[in-house]
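For reference, the chains in residue letters:
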Amino acid sequence: MTDVLFRVPPTATMRETLRDGFTILESAPDETPEAIVGRLGDRMRVMVTNGTTGAPRAMLEALPLLELICCLGTGYEGVDVEAARARGVIVTYGAGANASSVADHAMALLLAAMRDLPRLDHATRRGFWREGVGLRPIPTGKRMGILGLGAIGERIARRAEGFEMSIAYHTRRPRAEKPWRHVGSVAELAEQSDCLIVAVPGGASTRHLVDAAVLRLLGPGGFLVNIGRGSVVDSEALAAALHEGTIAGAALDVYDGEPAIPPCLIDAPRLLMTPHCAAWAPEVRAAGAALVRGNIEAVLAGKAALTPVPELRTAAVMA
């Protein structure tokens, strides 16, 4: 039996998937990395975490047997990848496992925000019938800009095509094999979009990519949706833009500092919020659990990981 430390609560699906051949060990939500190392450090070969909880350098350096870190979901910003690389520890992530669910949720958020569905639902329940409804825009024929074109961003683009939207995207390098138009900066993308979808991971390199200047370029008819990471959008700038009418509306599933919601967003008008649940679907849990097991079995058998994080794929190619 191989011990697997979960720094996040394992789901019932995960427990069932790892039932044969693995022993699940859990850390308490408030247990410090130092306490975990002191309790389990001499037996831990595999760790399961996520981008928010992560795995700091000091923890990695204190786990002598650690071979593999599996991150649930696509985020891994809380894992010190450089420290893992230096130790020879493989880091994997849930590449593609939740992409369809998150893309579906992104489109649902966009439709709900554009059509003002929460307010209409509330008004209808109170007995109103079209009073003060006003005319709401539709996505059909609009310009969609996607910030980030990984597995999630690509699926969002394909869904948007079903609404006859024109698609542009911004990444550090063009994806020449993709049919959509690449633009050279976030500012240019916002200026050329009616709907701006954030689908990039968190971390220092993407922090506040969407700031007050970008929101001004998106303009008073523009809508923002963020299903990437909360840190990518400047919360204060977004709240101000919504209060001032700089943009038409926004929808968020992720927040800077979550699970706490930035206070400036609580009373922001024309803002739809969901509690980071875009990937919460039974299909995603089954696929994610199978991917974790597959990565563990591959690495412990001396084979290549199924879904190493991009930094480690690059290192392998350069080597």
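Please read all numbers here as calculations on a predicted model, not as lab measurements.

(A) Here's a closer look at helix H7 (residues 151–161). Buried within H7 are the following residues: Ile-152, Gly-153, Glu-154, Ile-156, Ala-157 and Ala-160. Lining the buried residues of H7 we find helix H5 (99–115), strand S6 (143–147), strand S7 (166–170) and strand S9 (195–198).

(B) Fine view of the sheet that holds S6. Pairing in this open sheet of seven strands is parallel, and the strands run S8-S7-S6-S9-S10-S11-S12 from one edge to the other. Among the strands making up the open sheet, the edge pair consists of strand S8 (181–182) and strand S12 (271–273). As defined by bridge partners, S9 adjoins strand S10 (residues 223–226) across four bridges and the pair is classed as parallel. Bridge pairing links Ile-197 to Val-225 in S10. Packing of H7 onto the sheet brings it into contact with S6, S7 and S9, and relative to S6 it is tilted by some 175°.

(C) Up close: the pairing of strand S1 (residues 2–6). Counting buried positions along S1 yields five of five residues, so the element is predominantly enclosed. With burial as the criterion, each face of S1 is covered, one bearing Thr-2, Val-4 and Phe-6 and the other bearing Asp-3 and Leu-5. Where S1 meets strand S2 (residues 22–26), five bridges bridge the pair, whose relative direction is parallel. Directly across from Asp-3, in S2, lies its bridge partner Thr-23. For the crossover that starts at S1, traverses helix H1 (residues 12–17) and ends in the parallel S2, the hand is right-handed.

(D) Layout of unusual backbone geometry. Cis geometry marks the peptide bond from Glu-258 to Pro-259, where omega comes out at 15°. Within the secondary structure, Pro-259 is located in the loop between strand S11 (249–252) and helix H11 (263–266). In this model, Arg-270 sits at a positive phi of 55°, which is unusual for a non-glycine residue. With respect to the helices and strands, the residue Arg-270 is situated in the loop between H11 and S12.

(E) Focus on the nonpolar core. Of all hydrophobic cores here, the largest spans 31 residues; its most connected members are Leu-110, Met-144, Ile-146, Ile-156, Ile-167 and Ile-227. Here this core gets ten residues from one element, more than from any other, and that element is H5. In this structure, Ile-146 is in contact with Gly-153, Ile-156, Ala-157, Ile-167, Ala-168, Tyr-169, His-170, Leu-189, Ile-197 and Ala-199, ignoring residues within four places of it in sequence. If you look at the next biggest cluster of nonpolar residues, it comprises 29 residues, including Leu-196, Leu-215, Leu-218 and Ala-268.

(F) How the structure looks around the pattern of salt bridges. Counted according to the given criterion, the structure contains 18 salt bridges. For Arg-45, the salt bridge is made with Glu-67, and the minimal N-O distance between the two is 2.8 Å. With a gap of 22 residues between them, Arg-45 in the loop between helix H2 (33–40) and strand S3 (46–50) and Glu-67 in the loop between helix H3 (57–61) and strand S4 (68–72) connect regions that are remote in the sequence. Notably, a salt bridge pairs Glu-154 with Lys-178, separated by 3.0 Å at the nearest N-O pair. Here Lys-178 lies in the loop between S7 and S8 and Glu-154 lies in helix H7, a separation of 24 residues in the sequence. Here Glu-154 and Lys-178 have matching classes, each one buried.

(G) Expanded view of empty space enclosed by the protein. By the definition in use, this model includes one cavity of 30 Å³ or more. In this structure, the largest cavity encloses a volume near 40 Å³. As for the largest cavity, its lining consists of Asn-226, Gly-230, Val-233, Ser-235, Leu-252, Val-254, Tyr-255, Asp-256 and Leu-265. Tallied by class, the residues present in the lining of the largest cavity amount to five nonpolar, three polar and one charged.

(H) Expanded view of the environment of Glu-131. Within the element layout of this structure, Glu-131 appears in the loop between helix H6 (117–125) and S6. Overall, the relative accessible area of 49% leaves Glu-131 in the partly exposed class. At a separation of 2.2 Å, a polar atom in the side chain of Glu-131 contacts the main-chain amide nitrogen of Trp-129.

What counts, and where the lines are drawn
Residues numbered from 1 in each chain as written. Predicted model: local features only at pLDDT ≥ 70, side-chain atom pairs only at ≥ 80, totals over all residues. Heavy atoms only, no water. Buried < 20%, exposed > 50% of the residue type's maximum accessible area, 1.4 Å probe, protein only. Helix = DSSP H or I, 4+ residues; strand = E, 2+ residues; numbered from the N terminus. Contact = heavy atoms within 4.5 Å. Pairing = 2+ DSSP bridges. Axes fitted to C-alpha atoms, helices over the stretch in contact; angles between N-to-C directions. Right-handed = clockwise from strand over helix to strand, strands pointing away. Core = buried A, V, L, I, M, F, W, Y, C linked by side-chain atoms within 4.5 Å. Salt bridge = Lys/Arg side-chain N within 4 Å of Asp/Glu carboxyl O. 1 Å grid on protein atoms, 1.4 Å probe; cavity = no way out; pocket = protein on both sides within 12 Å on 5 of 7 lines; lining within 4 Å. Points joined across faces, edges and corners; volume = space filled by probe spheres on them. Nonpolar A, V, L, I, M, F, W, Y, C, P; charged D, E, K, R; others polar. Polar contact = N/O pair within 3.5 Å; in protein donor to acceptor, adjacent residues only side chain to side chain.

Shape is all these values report; function is a separate question.
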